[in-house]
Protein chains: 2
Amino acid sequence: MAQNMEIICVGNELLIGKTLNTNAQWLSKRATAIGIAVKRVIVVADEVEEIACAVREALQRKPQFVITTGGLGPTFDDKTLEGIAKALNCKLEVNAKALRMVKEKYEAYARERRTEKVELTQPRIKMATIPEKTEPVSNPVGTAPAVRADLNWTILIALPGVPSEMEAIFEETIAPLLKQASGDSAFHEKSIYANNIMESTLAPLIDKVMHDNLGVYIKSHPRGEENEPHMEIHFSSTTKDAETAEEKLQKAIVQLSSLIEKSSGKVVSGKKTDT
Amino acid sequence: MAQNMEIICVGNELLIGKTLNTNAQWLSKRATAIGIAVKRVIVVADEVEEIACAVREALQRKPQFVITTGGLGPTFDDKTLEGIAKALNCKLEVNAKALRMVKEKYEAYARERRTEKVELTQPRIKMATIPEKTEPVSNPVGTAPAVRADLNWTILIALPGVPSEMEAIFEETIAPLLKQASGDSAFHEKSIYANNIMESTLAPLIDKVMHDNLGVYIKSHPRGEENEPHMEIHFSSTTKDAETAEEKLQKAIVQLSSLIEKSSGKVVSGKKTDT
């Protein structure tokens, strides 16, 4: 069975529609490419009880990985670690290793800007205050360390919400972990585009091709206007053998293309629009 | 207490990172503007059990509104209504009113394209097959009707995933409903931008200003690189009285700006980067 993951995004800015959740897309795409199936994305507010509740619920479903993003910074509303501590039923404590990481960041900052020493105030110590029994993870581009907890069924990792920091920590520390978990699995995908065929006409054709090509998942995405049907048809397969995957996808594409042309649809090479 | 809402987005394309979840942002922004607080966004796969589970969990939290997007179309993987029926413990049935809606759409389609009559095949009838005790809601720009269920605590509405369809149904049918529920509440927001101040320096200043300005929520968003701090600081308030809200936000902005300048930060007029 494929290893799987849940993503919890913390931040009021997501729930008021101020910020587009590009973090969830980025993480989903990277995890999927490595062969890890993302089963759920949850967005919650900057509230301890909301975060704790989402983490508890995710852990109960026993995914191999839970990744949170956001809420690790120095301000009053950075509450992710407090929420995680509550979900894990443990305390927050100043972690010596994390404090060293934070201190080094501010020392480097002062050195580079030739300013006076940056004092370790309460908001700065807060970034080194993490749940008991968790480990800080180095943040190569920002100040707040990420946090990792190895639990019974699940590895839980809390990442910052700033995209450059989240992405850097993911590539440095998490991607290798996911690769190890997924073996050599990888996600393979291809799209074709068709004009002049309604999704409701396409539906039984997709059924047939999926039935004839086990392991290939096919999904249609309407991209045109109501009376000018334009479809993207997406083929995907997660497998350890890239060559077999490509062959399988190609076989399914050829079969579906032929069925579309027989239904007076037209398979076109490029896409017209996309999201 | 503010009326609140949860959003459930259904679609594998979101979980593999193929599609950016602009629907969740659009709905969150519109609901927030009307004065409805979005408490949670959940993204699940095109699987009946996953959808049913997410709907059940959302209903247990008793929000005033649950909106789902995606999975109303004619293909095998459009499973949202099956998931909702399972969560509500009821059956799916061909709804006469929904069937009339679907039929009229295909008749109009055939008329406009001067093609022969479009047959009501199984995939087309599927779009009119909705849970018992729910009502179809007219889709002004697409074929699949939306679906509404008035439950004990919650109004549950299933919208299509195609953005133009989702948005049109929202504006026509849901926005008026939300406005009625929120009274005359509305969301007011303003941002200022500051250079040369670290988030950890800003943190206690925000604490003070929020303490002095009840009802104003302030959140900092780091936008610059590690060693060139650039902050967006976002002020918001949900209230029935626009004039008071503007005054309140302005008062908080003046106070925080002054504190930032005293900490040798610089408040700048425009933004440098944004998400």
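Residues numbered from 1 in each chain as written. Chains lettered and ligands numbered in written order. Predicted model: local features only at pLDDT ≥ 70, side-chain atom pairs only at ≥ 80, totals over all residues.

Enquirer: I tried to follow the overall build of chain A on my own but got confused; where do I start?
Expert: In terms of regular secondary structure, chain A is built from nine helices and 12 strands. A buried classification covers 48% of the 275 residues belonging to chain A. Intrachain contacts of chain A at a sequence separation of at least 6 include 70% that bridge at least 24 residues. (Helix = DSSP H or I, 4+ residues; strand = E, 2+ residues; numbered from the N terminus. Buried ≥ 20, exposed ≤ 12 C-beta atoms within 10 Å, placed from the backbone. Contact = placed C-beta atoms within 7 Å.)

Enquirer: Looking at this structure, I do not really get the domain arrangement of chain A. What am I missing?
Expert: When the parts of a complex come together, some accessible area is lost, and that lost area is often used as the size of the interface. Under the domain assignment, chain A is made up of domain 1 (4-182) and domain 2 (186-268). Taking only C-alpha atoms, the centre of domain 1 of chain A and the centre of domain 2 of chain A are 38 Å apart. (Domains from an automatic or database assignment.)

Enquirer: Help me understand the relation of the copies chain A and chain B, please; the structure alone is not making it clear to me.
Expert: Put simply, the second copy of the chain is the first one after a rotation about an axis and a shift along it. The transform that puts chain A on chain B rotates by 180° and translates by 0.0 Å along the axis, for an RMSD of 0.0 Å. What the rotation and shift describe, once combined, is the action of a two-fold rotation axis. Minimal C-alpha separation from the rotation axis in chain A is found for A:Ile42, amounting to 2.3 Å. Of the residues that chain A buries at the interface, 100% are likewise interface residues in chain B, meaning the two copies contact each other through the same surface. (Least-squares fit on C-alpha atoms with pLDDT ≥ 70 in both.)

Enquirer: What exactly am I supposed to notice about the interface of chain A and chain B here?
Expert: Counting residues at the interface gives 52 residues for chain A, matched by 52 residues for chain B. For the side of chain A that touches chain B, the secondary-structure elements that each account for two or more residues are helix H1 (12-15), helix H2 (22-34), strand S2 (37-44), helix H5 (96-112), helix H6 (122-126), helix H8 (199-212) and strand S10 (217-222) of chain A. Of the residues that constitute the side of chain A that touches chain B, the class distribution is 21 nonpolar, 18 polar and 13 charged. In terms of strand pairing, S2(A) meets strand S2 (residues 37-44) of chain B through five bridges, oriented antiparallel. Among the inter-strand pairings, A:Val41 is bridged to a residue of S2(B), identified as B:Val43. (Nonpolar A, V, L, I, M, F, W, Y, C, P; charged D, E, K, R; others polar. Pairing = 2+ DSSP bridges.)

Enquirer: What is the right way to look at the pairing of strand S7 (residues 146-150) of chain A in this model?
Expert: For a regular strand, side chains alternate in direction, first toward one face of the sheet and then toward the other. Residue and element names in this part refer to chain A. Bridge analysis of strand S6 (residues 135-137) against S7 gives three bridges, and the strand direction is antiparallel. Among the inter-strand pairings, Val-137 is bridged to a residue of S7, identified as Ala-146. The pairing of S7 with strand S8 (residues 155-159) spans four bridges and is classified as antiparallel. Within S8, the position partnered with Ala-149 by the bridge is Leu-156. As consecutive antiparallel partners, S7 and S8 are separated by four residues.

Enquirer: How do you make sense of the pairing of S2(B) when you look at a structure like this?
Expert: All names here are of chain B. Summarising burial for S2: seven of the eight residues are buried, a large majority. Pairing between strand S1 (residues 4-10) and S2: seven bridges, direction parallel. Bridge assignment links Ile-8 to a residue of S2, and that residue is Ile-42.

Enquirer: Can you walk me through the sheet that holds strand S9 (residues 186-195) of chain A in this structure?
Expert: Within a sheet, neighbouring strands are paired by backbone hydrogen bonds and run either parallel or antiparallel to one another. Residue and element names in this part refer to chain A. Within the open sheet, the four strands sit side by side as S10-S11-S9-S12. Their pairing is antiparallel. Looking at which strands have only one partner, the edges of the open sheet turn out to be S10 and strand S12 (266-268). The average undirected angle you get between the axes of adjacent strands in this sheet is 30°. Most of the contacts of H8 go to S10, to which it runs at about 170°, and overall it touches S10 and strand S11 (230-239). Seen against the sheet, helix H9 (residues 242-262) touches S9, S10, S11 and S12 and runs at an angle of roughly 15° to S9. (Axes fitted to C-alpha atoms, helices over the stretch in contact; angles between N-to-C directions.)

Enquirer: I'm lost on the sheet that holds strand S12 (residues 266-268) of chain B in this one. Help?
Expert: All names here are of chain B. Ordered in space as S10-S11-S9-S12, the four strands form an open sheet in which the pairing is antiparallel. Only two strands of the sheet have a single neighbouring strand rather than two, namely strand S10 (217-222) and S12. For this sheet the average axis-to-axis angle between neighbouring strands, irrespective of direction, equals 30°. Strand direction decides the pairing type here: strand S9 (residues 186-195) and S12, joined by three bridges, are antiparallel. Bridged to Ala-194 within S12 is Val-267.

Enquirer: What should I look at first to understand the packing of helix H8 (residues 199-212) of chain B against helix H9 (residues 242-262) of chain B in this one?
Expert: In helix packing, the relevant descriptors are the interaxial angle and the interaxial distance, both defined with respect to the helix axes. All names here are of chain B. In the contact formed by H8 and H9, the axes pass within 10 Å of each other and the chain directions differ by 155°. With respect to each other, H8 and H9 are oriented roughly antiparallel. Viewed along their axes, H8 and H9 form a crossing whose handedness is right-handed. In this structure, H8 uses Leu-205, Ile-206, Val-209 and Asp-212 to contact H9, whose residues at the interface are Ala-252, Gln-255, Leu-256, Leu-259 and Ile-260. Considering only residue class, the contact of H8 with H9 consists of seven nonpolar, one polar and one charged. (Parallel < 35°, antiparallel > 145°, perpendicular 65-115°, else oblique. Left-handed = near helix turned anticlockwise from the far one by under 90°.)

Enquirer: How do you make sense of the nonpolar core when you look at a structure like this?
Expert: Counting 105 residues, the largest nonpolar core has A:Ile7, A:Ile8, A:Val41, B:Ile7, B:Ile8 and B:Val41 as the members making the most contacts within it. Those residues in contact with B:Ile8 that sit more than four places away from it in its chain are B:Ile42, B:Val44, B:Ala54, B:Val55, B:Ala58, B:Val66 and B:Thr68. (Core = buried A, V, L, I, M, F, W, Y, C linked by C-beta atoms within 7 Å.)

Enquirer: Sorry, what's going on with the confidence of the model for chain A here?
Expert: Interpretation of the predicted coordinates at a detailed level should be avoided for regions scoring low in pLDDT. For chain A, per-residue confidence averages 93 on the pLDDT scale, and 96% of positions sit at 70 or higher. Overall fold confidence for the complex sits at a pTM of 0.94, while the interface term, ipTM, reaches 0.93. (pLDDT = per-residue confidence, 0-100.)

Enquirer: What's the story with the environment of A:Lys240 in this structure? I'm lost.
Expert: Tracing the chain through its elements places A:Lys240 in the loop between S11 and H9. When the 12 C-beta atoms within 10 Å are taken as the criterion, A:Lys240 is described as exposed.

Enquirer: Any chance you could explain unusual backbone geometry here in plain terms?
Expert: If a residue is not glycine, its phi is most likely negative; likewise, a peptide bond is most likely trans. Within the chain, A:Lys133 stands out as a residue other than glycine whose phi angle is a positive 65°. Tracing the sequence through the fold places A:Lys133 in the loop between strand S5 (129-131) and S6. Although it is not a glycine, B:Lys62 sits at a positive phi angle of roughly 55°. As for its placement among the helices and strands, B:Lys62 is situated in the loop between helix H3 (48-60) and strand S3 (65-69). What makes B:Lys62 partly exposed here is the crowd of 13 C-beta atoms within 10 Å.

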